[in-house]
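# Fold and geometry: a report
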Amino acid sequence: MNGISLSVITKIWGFLCVMIAVSLGKNVILSCMLTIIACLYLAVQGKLKIIFNYGVFYMILGALLYTIKYYGFHLFIFSEFYVLMLWNLSPVILISWDLVTTPPGKISAFLSSIHIPTSVILGVLVVFRFLPTIKSELRSVFLSMKNRNLTNIKQIIKTPAKTCEYVLIPLLVRILMIADQLSVSAIARGCESPGIRSSYYENRVGIADIFLMILWGVSVSCYLWIGGIKI
């Protein structure tokens, strides 16, 4: 499903609003209000897969919190604190994922438009693309191990050190190769050029961007007003 393409400044504004709300908000349970708004925010952009996948996880968190609070349920694997922490950080996770998965060209064009140094722009792009790149490379390593019959549960339990070696060595080699490719790509795209660089992406702020920025501001204000502010 195709949705509205938002500007980078709108995504940064949403991230800052959510971070402020989660940091200052007193009522942790009420953070579900921000999570719902974050889901609507992603739905406008057509990112329904993220909403569905995280929605299932969020409902499990809600069920755990309910049983912990009203039935005294205790977890044996990890502390109940982590359930509450993930519940409170859910809007931050959703908005952060939306920002991280933004096309690097959009982020680069926005940072260039506000005259950020090229070295800083390249550093930001590498940081933003780190997690998606690692996820893709881990998937490739897993498929390679599966083809060689190295993902057998008995073998993993019997030789965990070798299994880690089978994963880490190819992953490190791929990361080094990607680093070299990024360096060549950056030079080929003129990162060292002293002139003004152009971009295929435009950073115009439209009506949808203005509406969503206002919505985030109002939502955070209501959340802090209803739930209270930490002192």
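Being a predicted model, the structure only gives us computed values, none of them experimental. (Residues numbered from 1 in each chain as written. Predicted model: local features only at pLDDT ≥ 70, side-chain atom pairs only at ≥ 80, totals over all residues. Heavy atoms only, no water.)

As a further point, take the overall build of the chain. A tally of helices and strands in the chain yields 10 helices and 0 strands. Walking the chain from its N terminus toward its C terminus, one meets helices and strands in the order α-α-α-α-α-α-α-α-α-α. A burial count over the chain gives 29% of its 231 residues as buried. If you take every contact in the chain between residues at least 6 apart in sequence, the share linking residues at least 24 apart comes to 80%. Roughly 15200 Å² of accessible area belongs to the chain as shown, and the carbon and sulfur atoms make up 71% of that amount. (Helix = DSSP H or I, 4+ residues; strand = E, 2+ residues; numbered from the N terminus. Buried < 20%, exposed > 50% of the residue type's maximum accessible area, 1.4 Å probe, protein only. Contact = heavy atoms within 4.5 Å. Areas by Shrake-Rupley, 256 points an atom, 1.4 Å probe, with all protein chains shown as cover.)

Right, let's talk about the nonpolar core for a bit. In terms of nonpolar packing, the biggest core is built from 28 residues, with Val 18, Tyr 41, Leu 94, Ile 95 and Trp 216 touching the most fellow members. For this core, the secondary-structure elements that each account for two or more residues are helix H1 (8-24), helix H2 (32-44), helix H3 (48-71), helix H4 (80-100) and helix H10 (207-227). With residues up to four places along the chain from it excluded, the contact list for Tyr 41 reads Leu 6, Thr 10, Lys 11, Ile 95, Asp 98, Leu 212 and Trp 216. Within the second largest apolar cluster, 6 residues are counted, among which are Ile 107, Phe 110, Leu 111 and Ile 121. (Core = buried A, V, L, I, M, F, W, Y, C linked by side-chain atoms within 4.5 Å.)

Turning our eyes to something else, we now look at the UniProt feature "transmembrane region" (unreviewed entry) in the chain. Feature annotation in UniProt assigns "transmembrane region" (unreviewed entry) to the following positions: residues 12-44, 50-68, 75-97, 109-131 and 205-226. Along residues 12-44, the helical share is 79% and the strand share 0%, with 16 Å between the first and last C-alpha atoms. Spanning residues 50-68, this segment combines 100% helix with 0% strand, and its end C-alpha atoms are found 27 Å apart. (UniProt positions renumbered as here; feature names shortened; annotations may be inferred.)

Moving on: the packing of aromatic side chains. Evaluated as defined, the whole model comprises 5 aromatic pairs. An angle of 65 degrees between the planes, with centres 5.7 Å apart, marks the rings of Tyr 41 and Trp 216 as edge-to-face. Residue Tyr 41 is found in helix H2, and its partner Trp 216 is found in helix H10; the two are separated by 175 residues along the sequence. An identical accessibility class is assigned to Tyr 41 and Trp 216; each is buried. (Phe/Tyr/Trp six-rings, centres within 6.5 Å; stacked < 30°, edge-to-face > 60°.)

With that out of the way, let us pick up the pattern of salt bridges. This model, assessed by the stated rule, comprises 2 salt bridges. A salt bridge links Asp 98 to Lys 11; the shortest N-O distance between them is 3.8 Å. Of this pair, Asp 98 sits in helix H4 while Lys 11 sits in helix H1, placing them 87 residues apart in sequence. Taken individually, Asp 98 and Lys 11 each receive the classification buried, so the pair is uniform in this respect. (Salt bridge = Lys/Arg side-chain N within 4 Å of Asp/Glu carboxyl O.)

Topologically, Leu 138 is positioned in helix H7 (residues 130-147). As for Leu 138 and Leu 168, which are separated by 30 residues in sequence, their C-alpha atoms are 9.3 Å apart.

Along the chain, Pro 103 falls in the loop between H4 and helix H5 (104-113). The sequence separation of Pro 103 and Leu 125 amounts to 22 residues, and the corresponding C-alpha distance is 9.5 Å.

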